[in-house]
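Given next are the chains, with one letter for each unit.
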Amino acid sequence: MTARKPSRKPSEPIEVPPAAKPVTTEVTAPAAAPSPAPAAAPADGGASSETAPPPVKRARARKTTAAAAKTPPRPRRGGGSKNVLPAPALDDADRGRLLAGEHHDPHGVLGAHPASGGVLFRALRPYARSVAVLSEGKRSELQSDGDGFFSGVLPLPAVPDGYRLQVVYDDNTIEVEDPYRFLPAIGELDLHLIGEGRHEELWKALGSRPMEHQGVAGTRFTVWAPNARGVRVTGDFTYWDGTALPMRSLGSTGVWELFLPGVGEGAVYKYDICRPDGSHTQRADPMARSTEIPPATASVVTASHHVWQDEDWMAHRGERPVHEAPFSVYEVHLPSWRPGLSYRQLAAQLPSYVRELGFTHVELMPVSEHPFGGSWGYQVTGFYAPTSRMGSPDDFRFLVDALHAAGIGVLMDWVPAHFPRDDWALAEFDGRPLYEHSDPNRAAHPDWGTLEFDYGRKEVRNFLVSNATYWCEEFHIDGLRVDAVASMLYLDYSREDGQWSPNEFGGRENLDAVAFLQEMNATVYRRNPGVVTMAEESTAWDGVTRATDHGGLGFGLKWNMGWMHDSLVYMSKEPVHRKYHHNEMTFSMVYAYSENYVLPISHDEVVHGKQALVTKMPGDWWQRRANHRAYLGYMWAHPGKQLLFMGQEFAQGAEWSEGHGPDWWLLDETYEASGDHRGVRNLVTDLNGVYNALPALWQRDTVPEGFSWIDGGAAEDNAFAFVRYDADGSPLIAVSHFAPVVRNDYRIGVPDGPDAWVEVINTDAARYGGSDVRNAEPLKPEAVPAHGRDTSITLTLPPLATVWLRPA
């Protein structure tokens, strides 16, 4: 069914009924401060002197109780100008709801409205001594009605344009715009799309957005809280008392809105939500684009001023499908790569380091805001905010821009599987399950003590789908690696019998999660040419990288967790025992073309007692390094894309810790064993260099025509030999030898055609720290059948080494 075409653009304001229609002029400011009243804010920053008093220094945001809101100190009655007529008494129900933060339509009560005898003005300004209307050069003082309310009827023919409020405190007087004279600053189409769960640019409709509205500069605050009895804005500009800033409900969408004039970038805020039971909770903005630095938890108003310099990169990144392109990834935990560096300082070091190593991409462990650094970013509270630990959102954009300038693609981990239970974030956001599933068994993640998203709720799907494309469009991210996909796909994931219920067909598949992942992938690929999505999916789910229109999940690539597990099992064995585990290294080719794979040696494999990659290897220090190098050579030649976690490129021996990051001192020339570690790094550089130059190693990664075994059964020799082919049939031979002996005159069958073969990689080379057993001369084929081929060559296999040969 085709939806009716909206009558106006998303940016156009909604026309509201006359009874609730605010006056079309300017806007007022945030709430005033408690006594003693502060001095006016400086004109060069923060809240302007025409809005609210400046913030005081505080340790932490505090909750405002409903009781406190109902009884502000020092209520005054009486007063008012002679030309101001008494206003009709405010209905007790409206008064009580406004003070309790439970009013759904404050604009219908506050502000200026035509009335019998003129125009009725009503303001809610707790702690104020008096409030006056300033219009056309006249000052008309309103009557104090107690509890911070001021009102009066001015004998005017119509609501005046451009009126302001003069608010007097004990030792300060300020002039402010009236927020309650503004039309909604969110468009009709925006609300329509939000209601349908189809707003692909949700970040432009919800959250805090600095803007000019009805000719006045300020910030629009919008939040989705359908179960709330009322919502107020509170922040450093109100001294964390939101009494004066109730938001209006915009109908069945569950969206609440308030435009605050004079509030701009840098303002710190939360939403004061009145739950269905009447209690209050202060919540960070789910759509915040910036946050305070943890452990502080408030949201920050922000806007981007970054001028992108990567137009050429963005225009050309999608010219070649990623599965037919070189794709070697350096995985990075930004806070610990060089501890203490900001995004901009990282931009001066990370791109040059990655480019020198020859990786085509970096993959950033989650950069979305998270309260606990020890989660490495995998327990997200700010899905739309880069972590403020290293700088502003524009600083993060600067880093991405610098990586693109160096020719390096930027991937990031994205975590839509779960979120933490912090009581200032998403959990029971408006007093009831909202982002999480309403069924406690479905909501509780059994492994991490977190909550799972309700993928069946359209607004939640919209929140996540929009978030995926947000990172691609606002930060020019080139790919998303989706974390913990398996935990999303299965209803019984880590659950015992009786702890889960089957789907409508009696199966264990989470059909809501399947639909969400399909929608996410389809949307990201449609909107962002050249972007790739990757699934961390550890099961045999069929069709992870199959197109959504063919029933698949629609990912571009899938982490090959089976290859990682099996190959590391093999490598951990002493060479004398490896022949009994030979199939661990060959089994991956049974299913190599069932999906488009990435071969990951990620952070998960070098923490929590699993040991660093080189430490997993058996033998003495020389043998461990040799095994490490031979394994990397095998990995880079195997069909599939490559991923290596930081520190493993120079054979760090200790497990990774987010507290101090890689052991860079191992590369210091003053360290006597630094050559051992530099040798491994030299190998990684050369592997990437040859890999990028030879299409046989990446062009046909996902089709059987790109691979052929020479000998996959040499278990007694601990050897594996195979050929890779590019699209034109040009071959490359890889031979991995995982025994600590030299094998001379080792014969292997080779493809017909080349007159000779030459080494392009030998992981035993002295440059890499090896014993330098080499095949220095070209190897000429002989008419001696071997391994089912008509011609063969004999070569020397170095100990614990991988050798690559290409046609001379």
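To start, this report covers the structure provided alongside it.

**What about the overall build of the protein?**
Next, step 1: Across its full length, the protein holds 18 helices and 34 strands.
Next, step 2: With the C-alpha coordinates aligned to their principal axes, the bounding extent of the protein is approximately 115 × 60 × 45 Å.
Next, step 3: Looking at the protein as a whole, 61% of its 808 residues qualify as buried.
Next, step 4: Considering only intrachain contacts with a sequence separation of at least 6, the fraction spanning at least 24 residues in the protein is 73%.

**Some details on the side chain of glutamate 177**
Next, step 1: Note that glutamate 177 resides in the loop between β9 (173–176) and α3 (188–196).
Next, step 2: In this structure glutamate 177 comes out as buried when scored by relative accessible area, which is 8%.
Next, step 3: Polar side-chain contacts of glutamate 177 include one of 2.6 Å to the side chain of arginine 164.
Next, step 4: At a separation of 3.4 Å, a polar atom in the side chain of glutamate 177 contacts the side chain of arginine 181.

**Comments concerning the pattern of salt bridges**
Next, step 1: Inspection of every chain in the model, using the stated rule, returns 42 salt bridges.
Next, step 2: A salt bridge links aspartate 395 to arginine 344, with the shortest nitrogen-to-oxygen separation between them at 2.5 Å. Taken together, the residues span a long stretch of sequence, with aspartate 395 in helix α8 (residues 393–405) and arginine 344 in helix α6 (residues 343–347) at a distance of 51 residues.
Next, step 3: Assessed through its relative accessible area of 17%, aspartate 395 is described here as buried.
Next, step 4: Two residues, aspartate 772 and arginine 774, come together in a salt bridge whose shortest N-O distance is 3.5 Å.
Next, step 5: What makes aspartate 772 partly exposed here is its relative accessible area of 36%.
Next, step 6: Owing to a relative accessible area of 43%, arginine 774 belongs among the partly exposed residues under this scheme.
Next, step 7: Ionic contacts of the salt-bridge type, sharing partners, join the residues Glu200, Glu201, Lys204, Glu473, Arg526 and Arg527 into one network.

**Re the pairing of strand β7 (residues 149–154)**
Both faces of the sheet carry side chains from a regular strand, because those side chains alternate between them.
Next, step 1: The element β7 is extensively covered by neighbouring structure, given that six of its six residues are classed as buried.
Next, step 2: Every second residue of β7 is oriented toward a common face, with Phe149, Ser151 and Val153 on one face and Phe150, Gly152 and Leu154 on the other, all of them buried.
Next, step 3: The pairing of strand β3 (residues 118–124) with β7 spans six bridges and is antiparallel. Its bridge partner being in β7, leucine 120 is matched across the sheet by valine 153.
Next, step 4: The hairpin formed by strand β6 (residues 143–146) and β7 contains two residues between the paired strands, and aspartate 147 there has a positive phi angle of roughly 60°.

**Brief notes about unusual backbone geometry**
Next, step 1: The step from proline 294 to proline 295 runs through a cis peptide bond, and the omega angle for that step is 15°.
Next, step 2: Within the fold, proline 295 resides in the loop between β16 (280–283) and β17 (299–300).
Next, step 3: Residues other than glycine seldom take positive phi values, yet glutamine 214 does so here, at roughly 50°.
Next, step 4: Summarising the element assignment, glutamine 214 is placed in the loop between β10 (207–213) and β11 (216–224).
Next, step 5: A relative accessible area of 23% places glutamine 214 in the partly exposed class.
Next, step 6: Backbone geometry at alanine 651 places phi at a positive 55°, although glycine is not the residue there.
Next, step 7: Along the polypeptide, alanine 651 turns up in the loop between β27 (641–645) and α18 (674–693).
Next, step 8: Using a relative accessible area of 0% as the deciding quantity, one classes alanine 651 as buried.

**Remarks on the sheet that holds strand β26 (residues 597–601)**
Next, step 1: What the eight strands build is a closed barrel, ordered β18-β19-β22-β23-β24-β25-β26-β27; its pairing is parallel. Mean inter-strand twist for the sheet, computed between neighbouring axes without regard to direction, equals 25°.
Next, step 2: Of the strand pairs in this sheet, strand β18 (residues 328–332) and strand β19 (residues 361–364) are connected by four bridges, and their pairing is parallel. When the bridges of β19 are listed, glutamate 331 appears paired with glutamate 363.
Next, step 3: Along the sheet, helix α7 (residues 350–357) contacts β18 and β19; its crossing angle with β18, the most-contacted strand, is approximately 145°.
Next, step 4: Strand contacts of α8: β19 and β22 (409–414), with the helix running at about 135° to β22, the strand carrying the most contacts.

Calculation notes
- Residues numbered from 1 in each chain as written.
- Predicted model: local features only at pLDDT ≥ 70, side-chain atom pairs only at ≥ 80, totals over all residues.
- Heavy atoms only, no water.
- Helix = DSSP H or I, 4+ residues; strand = E, 2+ residues; numbered from the N terminus.
- Buried < 20%, exposed > 50% of the residue type's maximum accessible area, 1.4 Å probe, protein only.
- Contact = heavy atoms within 4.5 Å.
- Polar contact = N/O pair within 3.5 Å; in protein donor to acceptor, adjacent residues only side chain to side chain.
- Salt bridge = Lys/Arg side-chain N within 4 Å of Asp/Glu carboxyl O.
- Pairing = 2+ DSSP bridges.
- Axes fitted to C-alpha atoms, helices over the stretch in contact; angles between N-to-C directions.

Keep in mind these values describe shape, not function.
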